[in-house]
Amino acid sequence: LSFQDVPPFCAAEQPGGWRLLRIEIAVQSIGPPLHLLCNWLEAQSGLLPRCLFAGRDRSVLLAGVGAAHIHSEGGDTGCGNDAEREQPCRQDPTSADVALLPQLAPTTHERICYCGGLRFDAADPEVVRIGPDWEAFGHCYWVLPRIELSVAGSGSLPSGAKSVGSTETASTGTSIHMNHAVSGSLCGTCIGTLAVQLRWHTTQRSGWADERARALEALACLVRPVDTMSPPCMVSQTSEAVSQMDFEAGVRRALQAFEDGSLQKVVLARQVFLDLAGKVDAVALLRQVVGSVYKRHYLFLLEPVAGTAFMSLTPERLCRVHGRDIWTEAVAGTWPLAEFEKVGEAALLASSAKHNSEHALVVGYICNLLNTVSHHVKVCDTHILRLKHLVHIKQSYHALAKDKQFVCSAGGESVDSPAEVAVSQADQTTSHDNALSSSWNSSSVEEWTSVPFNITSFFCKHMSPTPAVCGLPLDLARR
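Residues numbered from 1 in each chain as written. Predicted model: local features only at pLDDT ≥ 70, side-chain atom pairs only at ≥ 80, totals over all residues. Heavy atoms only, no water.

1. Observations regarding the overall build of the protein
If you tally the helices and strands in the protein, you get 10 helices and 24 strands. Relative to its full complement of 479 residues, the protein shows a buried share of 50%. Partitioning the intrachain contacts of the protein with sequence separation of at least 6 by distance along the chain shows that 74% fall at a separation of at least 24. On the protein, roughly 22,400 Å² of surface is accessible, and the fraction owed to carbon and sulfur atoms is 54%. (Helix = DSSP H or I, 4+ residues; strand = E, 2+ residues; numbered from the N terminus. Buried < 20%, exposed > 50% of the residue type's maximum accessible area, 1.4 Å probe, protein only. Contact = heavy atoms within 4.5 Å. Areas by Shrake-Rupley, 256 points an atom, 1.4 Å probe, with all protein chains shown as cover.)

Next up, the structure:
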């Protein structure tokens, strides 16, 4: 990179005159992949923003620091000169055309990856104001890390395997990437990739030189990780945003809405504040919260600015798309683990009319949504999702995307994308789980975007939240 005075010819052209380049080297170490990733990320506390995404089956494990690009809207989330911001999620709050996800051109490197997330109400034109606690994130926040470390997990693909036309999002955090290729790990050796990513504008005379200088500066700031655990974080006191009296008043209003038939279901929650006894690193706090519960959960961390971070531990998938195949799932109905162990799965599922009624509401809602963008919707087997202290009813769904999707081309014009553009190579590739991919068929013309990207955009706008975590009708339940 130091001797690259002119931009490499392989840099991918992006909409709006931008160029995107990824340079990577293979690295290896000994130890559990997730542990090593957290060690590295915690050591880079001076390089913001920081992000981490771990797939449910650990086939995707990545962490990033700094920013080559931030796709966001809201408060001041810049990172000095090490970030470029444009294409806001919400240029016009009254517009229905909300760019919730960053888009990449078809020629983009196959492992280019954005990490981030969006609000439940990001696509609601009536929601303009964001509370002070969430100003740094805006309605959506996606970062292309300046430096990224990814490692092969236990569920990784075989060496050289790739995924084309596949996407997945967790319910609280995602990563967006192109076709992902990883190597397996043997004998406790963690195989990974360290990458630096650059993004510059072709109309700027010194665009490449300035971007290269920023990338080299970020690389020089990397800190060697130390395999030590931070002391546990202690909570000094707790408080609630809503008083007991106000919460009970909300319950009475919900009961009245049930009686007059305007509300079928509502989820009432209380916001709890935990005052920490001392300053704590966000990565160290995530480790403490997660503990040893690594499998069957997505892990997510996003720290846009110092002192502000969002972290998540969730077992629930929002969506997975591969070619025209769509999978989604919902969790509705909850019992204590002790009750489940006492009576068993079959008896528990048959014993509660309340929980089964809630489950039926969610099934109907999701099937109706899927019918708008797909056909052959199948409600798969229902089973119990067992967690540390609770069990939930988990329902999976499968559908096939309709033949055409209304999409935007790389130039921003609306087009109809033929299904064969996204799936012509599906029989030659292996699906890659636990990541949100925006994949392109290299044999197709550049103006066609993929079915997975557009289906994922639909899910982000309409599938979150579901009645399982909000209520029905959604508008009234939110109020």
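2. Focus: the pattern of salt bridges
With the rule as written, the count across this model stands at 13 salt bridges. Note that Arg 212 is salt-bridged to Asp 5, the shortest N-O span being 3.2 Å. Highlighted residues: Arg 212 in helix 2 (residues 207–220) and Asp 5 in the segment before strand 1 (12–14), separated in sequence by 207 residues. Judged by relative accessible area, Asp 5 falls into the exposed class, the value being 60%. Arg 214 is the salt-bridge partner of Glu 211, the closest N and O atoms lying 2.9 Å from each other. One end of the pair, Glu 211, and the other, Arg 214, are both in helix 2, three residues apart, so they sit about a helical turn from each other. Of the two residues examined, Glu 211 and Arg 214, each falls in the buried class. (Salt bridge = Lys/Arg side-chain N within 4 Å of Asp/Glu carboxyl O.)

3. Quick notes on the confidence of the model for the protein
Residues of the protein with pLDDT of at least 70 account for 74%, and the chain-wide mean is 76. Note on residues 154–166: pLDDT under 50 across the span, and 53 contacts to partners over four residues away in sequence or across chains. Scored below 50 in pLDDT, residues 175–187 makes 70 contacts in the model with residues more than four places away or belonging to other chains. (pLDDT = per-residue confidence, 0-100.)

4. Digging into helix 4 (residues 282–290)
Taken as a whole, helix 4 has its buried residues at Ala 282, Val 283, Ala 284, Leu 286, Arg 287 and Val 290. Downstream of helix 4 by a residue or two, Gly 291 has a phi angle that is positive, lying close to 60 degrees.

5. Considering the packing of helix 1 (residues 33–43) against helix 4
Relative to each other, helix 1 and helix 4 sit at 150 degrees, their axes nearing to 8 Å. One finds that helix 1 runs roughly antiparallel with respect to helix 4. Along the contact surface, helix 1 presents His 35, Cys 38, Asn 39, Leu 41 and Glu 42, while helix 4 presents Val 283, Ala 284 and Arg 287. Residues of the contact of helix 1 with helix 4, tallied by class, amount to four nonpolar, two polar and two charged. (Axes fitted to C-alpha atoms, helices over the stretch in contact; angles between N-to-C directions. Parallel < 35°, antiparallel > 145°, perpendicular 65-115°, else oblique. Nonpolar A, V, L, I, M, F, W, Y, C, P; charged D, E, K, R; others polar.)

6. A closer look at unusual backbone geometry
A negative phi angle characterises most non-glycine residues, just as the trans form characterises most peptide bonds. The peptide bond linking Leu 48 to Pro 49 adopts the cis configuration, its omega dihedral lying at 0 degrees. By the secondary structure assignment, Pro 49 is in the loop between helix 1 and strand 3 (50–54). Here Arg 58, not a glycine, exhibits a phi torsion of approximately 65 degrees, which is positive. By the secondary structure assignment, Arg 58 is in the loop between strand 3 and strand 4 (61–65). Residues other than glycine seldom take positive phi values, yet His 376 does so here, at roughly 55 degrees. The residue His 376 is located in strand 19 (residues 374–386) in this model.

7. Notes on the sheet that holds strand 1
Strand order in the open sheet formed by eight strands is 1-2-11-8-4-3-15-16, with antiparallel pairing between adjacent strands. The open sheet has two edge strands with one neighbour each: strand 1 and strand 16 (308–314). Neighbour-to-neighbour, the strand axes of the sheet open up by a mean angle of 20 degrees, direction not taken into account. Inspection of the sheet shows strand 3 paired to strand 15 (residues 298–305) by five bridges, in the antiparallel sense. In the sheet register, Ala 54 faces strand 15, and the bridge partner there is Leu 299. Packed onto the sheet, helix 1 meets strand 2 (18–30), strand 3, strand 4, strand 8 (147–151), strand 11 (189–201) and strand 15 and runs at close to 5 degrees relative to strand 4. Strands strand 3, strand 15 and strand 16 of the sheet are contacted by helix 4, whose axis makes an angle of about 155 degrees with strand 15. (Pairing = 2+ DSSP bridges.)

8. What about the side chain of His 69?
Relative to the elements of secondary structure, His 69 occurs in strand 5 (residues 69–72). A polar contact of 2.6 Å, which involves the side chain of His 69, links it to the side chain of Tyr 114. (Polar contact = N/O pair within 3.5 Å; in protein donor to acceptor, adjacent residues only side chain to side chain.)

9. Observations regarding a nonpolar patch on the surface
The grouping of Val 235, Val 272, Leu 274 and Leu 276 at the surface amounts to a nonpolar patch, some 320 Å² of accessible area in total. Here the element with the most residues in the nonpolar patch is strand 14 (residues 272–276); it accounts for three residues. (Patch = residues over 30% accessible without salt bridge, like charges linked within 9 Å, V, L, I, M, F, W, Y side chains within 5 Å.)

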